[in-house]
Amino acid sequence: MSRIAGKFADLKKRSEKALVTFITAGDPDLAATEELIPLLAGSGADIIELGVPFSDPMADGPTIQLSSERALAAGTTLPKILATVKKVRSRSEVPLILMGYYNPILSYGLEAFAADAAAAGVDGVLLVDLPPEEAGEFKAAADRHGLDLIFLLTPTSDEARIRTVARRARGFVYYVSVTGVTGVRSSVEGSVATRVAAVKEKVPVPVAVGFGISTPEQAAAIAETADGVVVGSALVKLFETKQGAELRQELARFVSALKRGVTGAP
Ligand SMILES: O=P(O)(O)OC[C@@H](O)[C@@H](O)c1c[nH]c2ccccc12
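I will try to describe carefully the structure that is included in this document. (Residues numbered from 1 in each chain as written. Predicted model: local features only at pLDDT ≥ 70, side-chain atom pairs only at ≥ 80, totals over all residues. Heavy atoms only, no water.)

With respect to the overall build of the protein
Assigned secondary structure in the protein consists of 12 helices and nine strands. At 17 Å, the protein has a C-alpha radius of gyration in line with the 18 Å of a compact globule built from 266 residues. Every one of the 266 residues in the protein was classed for burial, and the buried ones make up 55%. In the protein, of all internal contacts separated by at least 6 residues, the share reaching a separation of at least 24 is 72%. A total accessible area of about 10,800 Å² is found for the protein, and carbon and sulfur atoms account for 54% of it. (Helix = DSSP H or I, 4+ residues; strand = E, 2+ residues; numbered from the N terminus. Rg over C-alpha atoms; globule rule 2.2 N^0.38 Å. Buried < 20%, exposed > 50% of the residue type's maximum accessible area, 1.4 Å probe, protein only. Contact = heavy atoms within 4.5 Å. Areas by Shrake-Rupley, 256 points an atom, 1.4 Å probe, with all protein chains shown as cover.)

So, in structure tokens, the structure goes:
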């Protein structure tokens, strides 16, 4: 069982929901990322998404676009990210998902990337611009190396897409709560719960919901239906004004509050 499936199974036993946090690998640099992964996990993050910075992050709002620019300016590359994951694995078992776009993986080589990512200790990969219908080749490589390929569903996903994802899903399915790009939103649409419940009926793996979630209250509302809640931009925003110990303190406090929201703790 992958670390991701194991984590969801553990949480289910405790009737808990997963908090999934996103940060960009290499923002402000990879030394920080190496420190932040255990910190986020220790503060309540059950699964961590590591963004692979890309020059054309079309699915990302301004917060994560700026974060990618900072990471690229710091010289972050995919091989260096994998080396960082390998180092973190000597002290953290937190499930890790590389989030990114298909081009950098294609130029790395699908088989080589799957082998190197798995060897480094990556558990899952989510490629934003690789729809399941076109993911066959990479999914075969990911399956060979025990990587969970995470698929996205959105409010506009039709029945055929949901069926395809249901057949191929491993780890969990990422349900994007609103159409549009990542970024904090004042209120997460009420109809999300209905749509998530409908998706949960049709897919054999847990469903985590992301996009726009920025407060423990919003996280708690989503956690009533979803198996997991994803928070990215609201955390990444902190990197714009804080560094070092102050950033670590703020992240720890915020992630703990989000986890309390997700578990319904007071
Ligand atoms: O940033 P938000 O609105 O909290 O949403 C999470 C999102 O950032 C993270 O899961 C993510 C980062 N880049 C993505 C691209 C596509 C889908 C999801 C993502």
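Details of the sheet that holds strand S4 (residues 124-127)
The nine strands lie next to each other as S5-S4-S3-S2-S1-S9-S8-S7-S6, forming an open sheet whose pairing is parallel. The strands lining the two open edges of the sheet, one partner per strand, are strand S5 (148-149) and strand S6 (151-153). Against the sheet, helix H12 (residues 244-263) touches strand S1 (18-24) and strand S9 (228-231), its axis set at about 150 degrees to S1. (Pairing = 2+ DSSP bridges. Axes fitted to C-alpha atoms, helices over the stretch in contact; angles between N-to-C directions.)

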